[in-house]
Amino acid sequence: MKRVNVISMGCSKNLVDSERLLHRLSEGRVEAVHDAGGEWSGDAVVINTCGFIGDAKEESIDMILRACEAKSAGQIGAVYVMGCLSERYSELLPGEIPEVDGWFGKFDFEDLVRELCPDVDASQRPWARDLTTPEWSAYLKIAEGCNRFCAFCAIPLITGRYKSRPKEEILEEVRELVAKGVSEFNVIAQDLSFYGCDIYGRHAIADLVDEMARIEGVEWIRLHYAYPTDFPYDLLPVMARHPNVCKYLDIALQHSADGVLERMRRHITGAETKALLKRIRAEVPGIHIRTTLMVGFPGESDEDFAELLDFVRSERFERMGAFAYCEEEDTYAAKNYSDDVPEEIKQARLDRLMAVQEEIALEHNSSKIGKRMRVLVESENDGFYVGRSEFDSPEVDPEVLISKDDAQLRPGHFYEVEITDAMPYELIAKVV
């Protein structure tokens, strides 16, 4: 193999795996490129698939079939598949798509490396990777797997039990990335709350974040995918104490009605959820909370949905996404519940929920007009510089559009700006 194109699909956790593969291939003296413009060329294509929900699985299958067509046309030499989809359907897929040259799951990573680079040496630094994100920003995956087994979720079926990375290894990776110019770290795991429990016998996310924040050169630490049950409250004073720990927390709550939460197997009540949010906001003043909610879960009544709407209106989340329930085979919900909410009702509820949130988002953003904030500039577009504040995660949260005027701003650098106007999902600013 001389040239391999790695196509990464799905979430940022998958992207980290693709970045590790790119690095290992380069160690094997292979020219490895990441999703090279959608052009089919090279000795091989590796597709790192997603297997989370129906739409993601369809996209992965479509990409595999397109790659196989390119192979048949002589545009590429071979097609390899890795990741969550091939992990979940390892027995089914090879028979369905025999044109694929090799199937690899999520955890037989080194087998794929040896397939592509037979003479490559064993890796001495398994966390090493070639970033595909802007050079100043990186995702930092601190664990694999999940122990929660929510009724609707297939992730534990794919990734298995929770596996924390040792803290020392993570900190070494952070120092290495800082030395390469990374200043923003988006910490990710399927469940940040459980970090450390499997290897240290206790919650350790607070210790990890505290030590990360003390590393010179770390400008922003942003936390993604906390779980509300058994929340590690010792994390909150760490967030409040360190200015480089973003006042931002991504915590998926899914619902607020007790009956729905119980059927979802979330092990928390609506009242406990509200108490959690109240404590988070009290201990970390100014925090922006991002959450994800689900509509149309089996058995969700009109009353349950009305309660969810009231919950969103009262909690006023700064950032919120939502999706309609989609039954996933082999999950607890698929085996035990009937998918009894019609699709048109699911969509109507989703539209109504997001309309309520759009009003809240506009009110939050409008309250920022006239205020100053620190912004990381990332690009230049249509007469504006495009940046993000500490409250904005890459790709999913609002952007700050900074008027050029006479300012000459450099991507990857931080600037103080004043907010001059607001839309639901964008802020307009000028450099102070």
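All values reported here derive from a predicted model rather than from experimental measurement.

### Concerning unusual backbone geometry
One non-glycine residue with positive phi stands out, namely Y225, at about 75°. Tracing the sequence through the fold places Y225 in strand β10 (residues 220–226). Given the relative accessible area of 28%, Y225 is considered partly exposed. Non-glycine residue D382 carries a positive phi angle of around 50°. Inspection of the secondary structure puts D382 in the loop between β14 (372–381) and β15 (384–389). A relative accessible area of 68% means that D382 is categorised as exposed.

### Some words on the packing of aromatic side chains
The full count for this structure, using the stated rule, is 9 aromatic pairs. Between Y80 and F104, the ring centres sit 6.4 Å apart and the planes meet at 45°, which makes this aromatic pair tilted. With Y80 in strand β4 (residues 78–83) and F104 in the loop between β5 (102–103) and α5 (109–116), the pair connects residues that are 24 residues apart, well separated along the chain. A single burial state applies to Y80 and to F104, both of which are buried. Ring centres 5.8 Å apart and planes at 80° place the aromatic pair F297 and Y337 in the edge-to-face group. Of the two residues, F297 is situated in the loop between β12 (288–295) and α13 (302–315) and Y337 in the loop between α14 (332–336) and α15 (343–366); the sequence distance between them amounts to 40 residues. An aromatic cluster is built from F152, F297, Y325, Y332 and Y337, whose rings are joined through pairwise contacts. The side chain of K163 reaches across the aromatic face of F107, ending 5.8 Å from its centre.

### A word on the side chain of K167
Looking at the element boundaries, K167 is found in helix α7 (residues 167–179). The residues touching K167, leaving out its near neighbours within four places in the chain, are Y195, Y200, D207, L208 and E211.

### Here we look at the packing of α7 against helix α9 (residues 205–213)
Look at α7 against α9: their axes get within 11 Å of each other, and the N-to-C directions meet at 25°. In terms of axis orientation, α7 runs roughly parallel to α9. The handedness of the crossing between α7 and α9 comes out as right-handed. Only D207, L208, E211 and M212 of α9 make contact with α7, whose side of the interface consists of K167, I170, L171 and V174.

### Some details on the sheet that holds β15
Read around the barrel, 5 strands follow the order β14-β15-β16-β18-β17 and close on themselves; strand pairing throughout is mixed. Across the sheet, the mean angle from the axis of one strand to that of its neighbour is 50°, orientation sign disregarded. Where strand β17 (residues 414–423) and strand β18 (residues 426–431) come together, 6 bridges link them in antiparallel fashion. Looking at the pairing, A422 lines up with L427 of β18.

### As for a negative patch on the surface
Where like charges cluster on the molecular surface, the negative patch consists of D55, E58, E59, D62 and E69. The residue D62 is located in helix α2 (residues 54–72) in this model.

### Side note on α13
Taking 1.5 Å per residue as the helical rise, α13 with its 14 residues ought to reach 20 Å, and the 20 Å between its terminal C-alpha atoms agrees with that figure. In this structure, the buried side of α13 is in contact with α11 (258–264), α12 (270–283), β12, β13 (319–324) and α15. At the exit of α13 stands R316, carrying a positive phi of roughly 50°.

### Observations concerning the packing of α13 against α15
Two elements in contact, α13 and α15, have axes separated by 10 Å at closest approach and are oriented at 15°. Considering their axes alone, α13 and α15 lie roughly parallel with respect to each other. Considering the relative orientation of α13 and α15, their crossing is right-handed. Of the residues in α15, those in contact with D302, F305, L308, L309, V312 and R313 of α13 are R349, R352, L353, V356, Q357 and I360. For the contact of α13 with α15, the residue count by class is 7 nonpolar, 1 polar and 4 charged.

### Focus: the nonpolar core
Counting 57 residues, the largest nonpolar core has I142, V174, M212, L223, F231 and L353 as its most contacted members. No other element matches the 6 residues that α9 contributes to this core. In this structure V174 touches L140, F185, M212, I215 and V218, once residues within four positions along its chain are discounted.

Analysis parameters
Residues numbered from 1 in each chain as written. Predicted model: local features only at pLDDT ≥ 70, side-chain atom pairs only at ≥ 80, totals over all residues. Heavy atoms only, no water. Helix = DSSP H or I, 4+ residues; strand = E, 2+ residues; numbered from the N terminus. Buried < 20%, exposed > 50% of the residue type's maximum accessible area, 1.4 Å probe, protein only. Phe/Tyr/Trp six-rings, centres within 6.5 Å; stacked < 30°, edge-to-face > 60°. Lys NZ or Arg CZ within 6 Å of the ring centre and 35° of its normal. Contact = heavy atoms within 4.5 Å. Axes fitted to C-alpha atoms, helices over the stretch in contact; angles between N-to-C directions. Parallel < 35°, antiparallel > 145°, perpendicular 65-115°, else oblique. Left-handed = near helix turned anticlockwise from the far one by under 90°. Pairing = 2+ DSSP bridges. Patch = residues over 30% accessible without salt bridge, like charges linked within 9 Å, V, L, I, M, F, W, Y side chains within 5 Å. Areas by Shrake-Rupley, 256 points an atom, 1.4 Å probe, with all protein chains shown as cover. Salt bridge = Lys/Arg side-chain N within 4 Å of Asp/Glu carboxyl O. Lys, Arg positive; Asp, Glu negative; His and termini not counted. Charge placed at Lys NZ, Arg CZ, Asp CG, Glu CD. Expected span 1.5 Å × (residues − 1). Nonpolar A, V, L, I, M, F, W, Y, C, P; charged D, E, K, R; others polar. Core = buried A, V, L, I, M, F, W, Y, C linked by side-chain atoms within 4.5 Å.

Purely geometric stuff here, so don't read any function into it on its own.
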